[in-house]
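Read off the chains here:
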2 protein chains.
Amino acid sequence: MEIGIVGLGLIGGCLGIDLSRRGHGVTGIARHEETCRQALERGIVQRAGSDFRLLGAAEVVFICTPIAQIGAVVEAIAPYLDPEAIVTDVGSVKAPVIAAARPHWPRFLGGHPMAGKAEAGLEAAEAHLFRQRPYVITPGPDTPAADLDILKSLVADLESRLYLCDPTDHDQAVAWISHLPVMVSSSLIHACLQEPEADRLRLAQALASSGFRDTSRVGGGPPELGLMMARYNREALLNTLAAYQRAIAQVSQLIQTEDWSALERHLQESQTGRLPFVAPRE
Amino acid sequence: MEIGIVGLGLIGGCLGIDLSRRGHGVTGIARHEETCRQALERGIVQRAGSDFRLLGAAEVVFICTPIAQIGAVVEAIAPYLDPEAIVTDVGSVKAPVIAAARPHWPRFLGGHPMAGKAEAGLEAAEAHLFRQRPYVITPGPDTPAADLDILKSLVADLESRLYLCDPTDHDQAVAWISHLPVMVSSSLIHACLQEPEADRLRLAQALASSGFRDTSRVGGGPPELGLMMARYNREALLNTLAAYQRAIAQVSQLIQTEDWSALERHLQESQTGRLPFVAPRE
């Protein structure tokens, strides 16, 4: 199959590596000549350049740019695409992306491969990043079954775990398990920095260990990621924040009123309730 | 030096292993004969039993029972101790423990070796658990310098990083970096379980990955640990929870009002602010 990839960063690069190895013909689009040269040299793509006309033969095009650009990129490449081409993306929010892209290309089909690395950019691209990781596809009511089948076959080539759902369900689900944790974790760091006594703050910093490290990890991540989540998944994230604020207020209340048996139940519920989120997947 | 250890669980066992290897004579006190037999067999202690008279020769006694029992244990062993003996503990909260123990033994000196494992009990005891980990000692105004020096030399034998501070400073510092994260993390799990649609909840569970796993880890831990933190460090923990509730309300507000530049600054501050808490220690 002929594949186009627009944006040769980490995710675009990883897609290129795996799909090339599976025997697909892969064309990469990147603004910088150096990126194209590197992608060709590493065999990540078979053709590369900045000219959208290179996409003319592509049967499936993956848009791998930042979320903010997806709509504009689809609009820009549309005149050069085969009318039968399927266009998909890899953004971590789906409803607003689909709303921005579909007017420019009716055969746009939202997707979200849920894998990543701490490093960014093509240099960090590697084989099998998506293996055994979730790959969500969010078909609309008008998505042709044949288009869905084609994208599903590519997801199978990546050896990902496929999930099909409504874009809104996707966005609410990732708000809970990915976007809310960033805000919860960032707020933990902010709260600690409120310690008014400098000596105590230094002591806290010196004594911090794996518990603090893990709980604060995603809150200490790249600001642009958290900002993107908040901007593009605002409503779903606000829902989860409201529920979270109720939960933390409840815990405070139980401690305030010294209702130890209720606090114990609460902690038992979180111990048990965590398990389905962290169970190993087959 | 002659050492007594009351309570042969994980921490008591690990202390016994390291101090025995350093050439100290170690006597263990445990209620169950089987625990004593195991401790003797593994060379963790040189003498063991349930009779407090075994502690008569001890120069330093470590109380390694749950926090709730420390005061009563000190009271119970006091009649059998050498009047010169130093008594210390390993509890994770200091001010209330000292208040409970010192009336029964004026030479009580609070301590907190900050190391642990997921597994509990003597079976899990191992060498070098405390190596390169913080060991906090909280002397009072009346603590004799000689007593402090003796405990410091034992901490040096464990190869721990020594910190000296006021009990109240210790309790506030661990509230920030250990006890608050448990409540923050537990509330994350509780919030997610509030998703009203069963299909979405299942999707969120299926899509949860390392971000959720890390942020929820300490909240999914043993309920008795979180309960102990809340009971014995209630006031300090409530301080941190109040600061935390302000921080999460501020984040919600920034997202609600779409103040993206302020949210970006907030996320930048948490990225930078986290570093001193997770910097590698020499």
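The text that follows walks through the structure, step by step, so that each part is easy to find. Computed from a predicted structure; not experimentally measured.

Turning our attention to the overall build of chain A. Of regular secondary structure, chain A possesses eleven helices and eight strands. Each principal axis of the C-alpha distribution contributes one length, and for chain A these read about 70 × 40 × 35 Å. Looking at chain A as shown, the accessible area adds up to about 11,600 Å², and 51% of this sits on carbon and sulfur atoms. Here chain A carries 25 positive and 33 negative side-chain charges, and the mean point of each set is 3 Å from the other.

Looking now at the pairing of strand β7 (residues 134–138) of chain B. Every regular strand shows the same layout, with side chains that alternate between the two sheet faces. Residue and element names in this part refer to chain B. The buried fraction of β7 is high, at five of five residues. Alternating positions in β7 separate into two faces, Pro134, Val136 and Thr138 on one and Tyr135 and Ile137 on the other, with burial throughout. Across four bridges, strand β6 (residues 108–113) lies against β7 in antiparallel orientation. Bridging across to β7, Gly111 finds its partner in Ile137. Read as a crossover between parallel neighbours, the route from β7 over helix α5 (residues 145–157) to strand β8 (residues 161–164) is right-handed.

This part takes up the sheet that holds strand β6 (residues 108–113) of chain A. Residues and elements named next belong to chain A. What the eight strands build is an open sheet, ordered β3-β2-β1-β4-β5-β6-β7-β8; its pairing is mixed. At either end of the open sheet lies a strand with only one pairing partner, and these are β3 (47–49) and β8 (161–164). Between one strand axis and the next, the sheet turns by 20° as a mean value, whatever way the strands run. Pairing of strand β1 (residues 2–6) with strand β4 (residues 60–63) involves four bridges; the strand directions are parallel. Residue pairing across strands places Val6 opposite Ile63, the latter belonging to β4.

The next thing to look at is the pattern of salt bridges. Residue and element names in this part refer to chain A. Throughout the structure, instances matching the rule amount to 30 salt bridges over all chains. Residues Glu34 and Arg37 are paired through a salt bridge, measuring 2.8 Å at the closest nitrogen-oxygen approach. With a gap of three residues between them, Glu34 and Arg37 both fall in helix α2 (residues 33–41), about one helical turn apart. A salt bridge links Arg53 to Asp51; the nearest nitrogen and oxygen atoms lie 2.8 Å apart. Judged by its relative accessible area of 61%, Arg53 is exposed. What you see here is one network of salt bridges that share partners, running through Arg22, Arg131 and Glu159.

If you look at the interface, chain B gives 88 residues, while chain A gives 88 residues. Between chain B and chain A the total buried area reaches about 8,400 Å² when both faces are included, carbon and sulfur atoms providing 67% of it. For chain B, the biggest contributors to the area lost against chain A are B:Leu207, B:Arg274 and B:Phe277; these three give 9% of the whole. For the pair chain B and chain A, the interface holds six salt bridges. Here B:Arg217 ties to A:Asp214 by a salt bridge, and the two come within 2.7 Å at their closest N and O atoms. For the pair chain B and chain A, the number of links is 31 residue pairs in polar contact (both at pLDDT 80 or more).

The next point concerns the nonpolar core. Ranked by internal contacts, the top residues of the largest apolar core, which has 128 residues, are A:Tyr244, A:Ile255, B:Tyr244 and B:Ile255. Look past the residues within four positions of B:Tyr244 in its chain and what remains in contact with it is A:Val184, A:Ser187, A:Leu188, A:Ala191, A:Tyr244, A:Ile248, B:Leu180 and B:Val184.

What follows covers the pairing of β1(A). All names here are of chain A. Among the five residues that make up β1, four are buried, leaving the element largely enclosed by the rest of the structure. Alignment of β1 against strand β2 (residues 25–29), held across five bridges, turns out to be parallel. Among the inter-strand pairings, Ile3 is bridged to a residue of β2, identified as Val26. Crossover handedness for the path β1 to helix α1 (residues 10–21) to β2: right-handed.

All names here are of chain A. Helix length check: helix α5 (residues 145–157), at 13 residues, gives a terminal C-alpha distance of 19 Å against a target of 18 Å (1.5 Å per residue), a fit within 8%. Every buried residue of α5 is accounted for by Asp147, Leu148, Leu151, Leu154, Val155 and Asp157. Trailing α5 by a residue or two, Glu159 shows a phi angle of about 60°, which is positive.

Residues and elements named next belong to chain B. The strand order across the open sheet formed by eight strands is β3-β2-β1-β4-β5-β6-β7-β8, and the pairing between neighbours is mixed. Both edges of this open sheet fall to β3 (47–49) and β8, since each of them pairs with a single strand only. In this sheet, neighbouring strand axes are inclined to one another by 20° on average, regardless of whether the strands run parallel or antiparallel. Across the face of the sheet, helix α3 (residues 70–77) comes into contact with β1 (2–6), β4 (60–63), β5 (86–89) and β6 while running at roughly 145° to β4.

A few words on the relation of the copies chain B and chain A. Turning chain B through 180° and shifting it by 0.0 Å along the axis lays it on chain A, with an RMSD of 0.1 Å. Here the copies are linked by what is in effect a two-fold axis. When each C-alpha of chain B is compared by its distance to the rotation axis, B:Thr215 comes out closest, at 2.1 Å. Most of the interface of chain B is mirrored in chain A, where 100% of its interface residues are also at the interface.

What counts and what doesn't
Residues numbered from 1 in each chain as written. Chains lettered and ligands numbered in written order. Predicted model: local features only at pLDDT ≥ 70, side-chain atom pairs only at ≥ 80, totals over all residues. Heavy atoms only, no water. Helix = DSSP H or I, 4+ residues; strand = E, 2+ residues; numbered from the N terminus. Areas by Shrake-Rupley, 256 points an atom, 1.4 Å probe, with all protein chains shown as cover. Lys, Arg positive; Asp, Glu negative; His and termini not counted. Charge placed at Lys NZ, Arg CZ, Asp CG, Glu CD. Buried < 20%, exposed > 50% of the residue type's maximum accessible area, 1.4 Å probe, protein only. Pairing = 2+ DSSP bridges. Right-handed = clockwise from strand over helix to strand, strands pointing away. Axes fitted to C-alpha atoms, helices over the stretch in contact; angles between N-to-C directions. Salt bridge = Lys/Arg side-chain N within 4 Å of Asp/Glu carboxyl O. Contact = heavy atoms within 4.5 Å. Buried area = accessible area lost by both parts, 1.4 Å probe. Polar contact = N/O pair within 3.5 Å; in protein donor to acceptor, adjacent residues only side chain to side chain. Core = buried A, V, L, I, M, F, W, Y, C linked by side-chain atoms within 4.5 Å. Expected span 1.5 Å × (residues − 1). Least-squares fit on C-alpha atoms with pLDDT ≥ 70 in both.

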